[in-house]
Amino acid sequence: MTETAPTPPTAPPASNDGREEIVRTIDVIKEYRMGEEILRVLKGITLTIFKGEYISIMGPSGSGKSTLFNAIGGLDKPTSGKVFIDEVDIAQLDALELAWLRCRKIGYIFQTFNLIPVMSALENVMLPMIFGGMSNSDAQDKAAAILKRVGLENRLLNKPGQLSGGQQQRVAIARAFANDPAIILADEPTGNLDLNTGKQIIELLRQMNAERQVTVISATHDFKMLDVSDRIIWIRDGHIDKIQLRQDVKIDVGEMH
Amino acid sequence: MPPAIQKQIRLPLSKAIEIALRSLRVRLARSILTLITIVMAIAFLTYIWTTRAIEPAAKAALLQAQGIIVAPDSSGASRTVWLITLSLLVCMVGISNAMLMSVMERFREIGTMKCLGALDSFILKLFFLESLFLGAAGTLVGVALGLAISILLLSRNYGHAAWSNIHGSTLILIAAGSSIIGLAITAAAAMYPAWKAARMQPIAAMRVDV
Ligand SMILES: Nc1ncnc2c1ncn2[C@@H]1O[C@H](COP(=O)(O)OP(=O)(O)OP(=O)(O)O)[C@@H](O)[C@H]1O
Ligand SMILES: [Mg+2]
């Protein structure tokens, strides 16, 4: 990581034509205080993400992917800068609105799956609907339908401990889609999975993204993600290094081999 | 068109009860351990109260039947009060500790629930209820055990003299007193851990370390 001045993001012409914007960050800076020192992890991130896009945030370990991701997801407040979701500045939201945002607008997928261990697959998927105020029986029907969609119709009553990693991540995906969110945020969704299972999970995410017009934002090191992403945002040392469209990336990957 | 962002609804208490009961059931071994602490403390309290309420009269009655008249003595009263207080305190610390451990262990689960839309107040209720249910169950068993042991011992030692001095109303009073104390100490013990859980941030869901 060289100490070069921030290169302006070489964004492809933000072809805004007809596309609705769903996430916008403006000069997001995040600093951590480590005793005396201040560690600046995000050094001014400005980007726009459109409805229905599949975005991968790529970059070396420690470059700030998760930090950016947490700022977008309303999980962590940036030191300065703004994050807009659906044109609402999320720093202005109160606790109830933030909870609503997390419940209805955003679906989270974690590297460690994060299923509630005491609940069955069905109950895990029902949980966000229950938090959203849906009745038990409606939630149950809808959860069963989504689990069927991710190929787990025979595992409804299994606890997470009785499921493989790939199956657990499928449950987590079903849970993230439970309240028909506008955005799916996935931080290293394939980080704990083997190559093949990872591929299937990515494929599933891509299909759900296309089917439901959901925006998927995924932070990852996983080059398998490149193939399915509409755009790849490369982060290096807290800056946007470049933003690439899929067709351009294919050439790059080809050159790498 | 509805506003872009709305307010999250508050769930009815029944939902928190449902989930709290399930958490207890699944973590049965841990739950039972905490339960035993409460059972022992409350059984001890009930035993002491019952014995102290009945024994002097039973002893007097027994001696009177043998032609000896004595004044009922109440020596060692302050020592027992001290013992009871100590046992209740130990019990409270035990419950608090067990709950706190459970909260710290479940950081990812709590963070995840927050990511899924759980409100602080819901998490607070969840953990508070978990302790309260343990407290209620432990108290119930403790009272029953305390009464049974004290009555058994009294009737062994004093026979008929004990039985004629056991009054239902006294026992009910003791049971009620023990129950209130049992619930009160669990509620007090649960406050800090439940608050701690409620304050946990959604970002805890992302933590990978243990
Ligand atoms: N809570 C924190 N306190 C201090 N420093 C932090 C904290 N969280 C992250 N950092 C630092 O911020 C930098 C970026 O971290 P981040 O987790 O965003 O990286 P990343 O790109 O997601 O890496 P990886 O690919 O390994 O997940 C790292 O140098 C990390 O040490
Ligand atoms: Mg990361």
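Because the structure is a prediction, the values reported are computed rather than measured. (Residues numbered from 1 in each chain as written. Chains lettered and ligands numbered in written order. Predicted model: local features only at pLDDT ≥ 70, side-chain atom pairs only at ≥ 80, totals over all residues. Heavy atoms only, no water.)

Colleague: With reference to specific residues and values, describe the site of ligand 1.
Modeller: Residue and element names in this part refer to chain A. Every one of the 13 residues lining ligand 1 counts as a neighbour, but Ser 61, Gly 62, Lys 65, Ser 66 and Thr 67 are closest to it. The contact in question runs from an oxygen atom of ligand 1 to an N or O atom on the side chain of Ser 61, over 2.5 Å. For ligand 1, whose free accessible area comes to 630 Å², the fraction covered by protein is 63%. For the shell around ligand 1, the elements supplying multiple residues, two or more each, are strand S1 (21–34) and helix H1 (65–72). Among the elements that take part in the shell around ligand 1, H1 stands out by supplying 3 residues, more than any other. (Near = heavy atom within 4 Å. Polar contact = N/O pair within 3.5 Å; in protein donor to acceptor, adjacent residues only side chain to side chain. Areas by Shrake-Rupley, 256 points an atom, 1.4 Å probe, with all protein chains shown as cover. Helix = DSSP H or I, 4+ residues; strand = E, 2+ residues; numbered from the N terminus.)

Colleague: Outline the sheet that holds strand S5 (residues 88–89) of chain A, supporting the account with residue identities and numerical values.
Modeller: Residues and elements named next belong to chain A. In space, the 4 strands of this open sheet follow the order S2-S1-S4-S5, with antiparallel pairing throughout. Of all the strands in the sheet, just strand S2 (37–50) and S5 have a single pairing partner and so form its edges. Two elements, strand S4 (residues 80–85) and S5, share 2 bridges in a ladder whose sense is antiparallel. Bridge pairing in S5 links Phe 84 to Asp 89. (Pairing = 2+ DSSP bridges.)

Colleague: Outline the environment of Glu211(A), listing residues and values.
Modeller: Residue and element names in this part refer to chain A. Here Glu 211 is to be found in helix H6 (residues 195–212). Assessed through its relative accessible area of 45%, Glu 211 is described here as partly exposed. Sequence separation of Glu 211 and Asp 27 is 184 residues, and the distance between their C-alpha atoms is 32 Å. A distance of 2.6 Å separates a polar atom in the side chain of Glu 211 from a polar atom in the side chain of Arg 149. (Buried < 20%, exposed > 50% of the residue type's maximum accessible area, 1.4 Å probe, protein only.)

Geometric values such as these leave the question of function open.
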